[in-house]
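# Residue-level structure breakdown
Single-letter residue listing:
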Amino acid sequence: METKTPKDSLTVLTDLVLPGETNYLDNLFGGELLARMDRACSIAARRHSRRIVVTASVNHVAFNKSVPVGSVVSVEAKVSRAFKTSMEIYVDVWIEDRQSLSKTKVNEGIYTFVAVDETGKPVKIPQIVPETDLEKERYEGALRRKQLSLVLAGKLKPNEATELKALFN
């Protein structure tokens, strides 16, 4: 199976925040942003695997800055690491300044998707070869994040989480 790079899965969804998508403070609802992030990650996962994909978990979301009504929001997702049948997708959320068009990162998240066949059975996927420094950093951290999630879910014994143990030894 051929290897791929994170840029092969890059997905950018850009949209305008409308009044019906905001709370009483005229900021984008968190759930609306999560849905946009999930859609972008789903497309990135499908581009990588060329298979049907399902969301397995939302491992991390940081709402660092509110997104006001009228903002132009770009959700950028790409696969940070591929495992046997699952893949971690890192998603960054940006807003554009209306005057300068400069972009400010406002949120980020880490999702896990699993590639499946038509019956819902997990299938093998291509591996990732990171290229940029950021891609390499996210790739290296992905195994630790996966092990932490598995330990917290009771699916991996703490003493078997070799990458996590290495942080403390």
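Quick summary incoming for the structure in this document. (Residues numbered from 1 in each chain as written. Predicted model: local features only at pLDDT ≥ 70, side-chain atom pairs only at ≥ 80, totals over all residues. Heavy atoms only, no water.)

### Focus: the overall build of the protein chain
The helix and strand inventory of the protein chain stands at three helices and five strands. For the protein chain, the sequential pattern of α-helices and β-strands runs β-α-β-β-β-β-α-α. Its C-alpha radius of gyration of 17 Å places the protein chain within 12% of the 15 Å reference for a compact globule of 169 residues. If you line up the protein chain on its principal axes, its C-alpha atoms span 50 × 40 × 30 Å. Going through the 169 residues of the protein chain one by one, you find that 40% of them count as buried. Counting contacts in the protein chain only where the partners sit at least 6 residues apart, residues at least 24 apart contribute 68% of the total. Carbon and sulfur atoms make up 54% of the accessible area of the protein chain, which amounts to about 9,600 Å² in all. Taken as two groups, the 25 positive and 22 negative side-chain charges of the protein chain have centres that lie 6 Å from each other. (Helix = DSSP H or I, 4+ residues; strand = E, 2+ residues; numbered from the N terminus. Rg over C-alpha atoms; globule rule 2.2 N^0.38 Å. Buried < 20%, exposed > 50% of the residue type's maximum accessible area, 1.4 Å probe, protein only. Contact = heavy atoms within 4.5 Å. Areas by Shrake-Rupley, 256 points an atom, 1.4 Å probe, with all protein chains shown as cover. Lys, Arg positive; Asp, Glu negative; His and termini not counted. Charge placed at Lys NZ, Arg CZ, Asp CG, Glu CD.)

### Focus: the pairing of strand β5 (residues 103-116)
β5 sits mainly inside the fold: eleven of its 14 residues count as buried. Across ten bridges, the pairing between strand β2 (residues 52-63) and β5 is antiparallel. Counted as the bridge partner of Val53 is Ala115 from β5. The pairing of strand β4 (residues 86-96) with β5 spans eleven bridges and is antiparallel. Looking across to β5, one finds that Met87 is bridged to Phe113. (Pairing = 2+ DSSP bridges.)

### Points about the layout of surface pockets
A volume near 270 Å³ is recorded for the largest pocket. Along the wall of the largest pocket there are 16 residues; nearest its centre are Ser57, Thr112, Lys146, Ser149 and Leu150. Listed by contribution, the elements that provide at least two residues to the lining of the largest pocket are β2, β4, β5 and α2 (133-152). In terms of residue count, the dominant contributor to the lining of the largest pocket is α2 (five residues). Its residues placed into classes, the lining of the largest pocket shows seven nonpolar, five polar and four charged. (1 Å grid on protein atoms, 1.4 Å probe; cavity = no way out; pocket = protein on both sides within 12 Å on 5 of 7 lines; lining within 4 Å. Points joined across faces, edges and corners; volume = space filled by probe spheres on them. Nonpolar A, V, L, I, M, F, W, Y, C, P; charged D, E, K, R; others polar.)

### Section: the nonpolar core
By size, the foremost hydrophobic cluster in this structure holds 28 residues, and its most contacted members are Met87, Ile89 and Phe113. Contributions of two or more residues to this core are made by α1 (30-49), β3 (72-82), β4 and β5. Here this core gets six residues from one element, more than from any other, and that element is α1. For Ile89, the contacting residues outside a window of four places in its chain are Cys41, Ala44, Ala45, Ala77, Lys78, Val79, Ser80, Gly109, Ile110, Tyr111 and Phe113. (Core = buried A, V, L, I, M, F, W, Y, C linked by side-chain atoms within 4.5 Å.)

### As for α2
Its 20 residues place the ends of α2 29 Å apart at the C-alpha level, agreeing with the 28 Å of an ideal helix rising 1.5 Å per residue. Residues of α2 that are buried include every one of Glu135, Arg138, Tyr139, Gly141, Ala142 and Gln147, and no others. Against β3, β4, β5 and α3 (162-168) lie the buried residues of α2. One or two positions beyond α2, positive phi appears at Gly154, with a value near 75°. (Expected span 1.5 Å × (residues − 1).)

### Comments concerning empty space enclosed by the protein
Taken as a whole and assessed by the stated rule, the structure comprises one cavity of 30 Å³ or more. One number sums up the size of the largest cavity: a volume of about 40 Å³. Considering the residues around the largest cavity, the lining is formed by Pro6, Lys78, Val79, Ser80, Tyr90, Glu135 and Arg138. Put simply, the parts of the chain that give the lining of the largest cavity at least two residues each are β3 and α2. The greatest single-element share of the lining of the largest cavity, amounting to three residues, is contributed by β3. Per-class residue counts for the lining of the largest cavity are three nonpolar, one polar and three charged.

These figures come from the coordinates and say nothing about function on their own.
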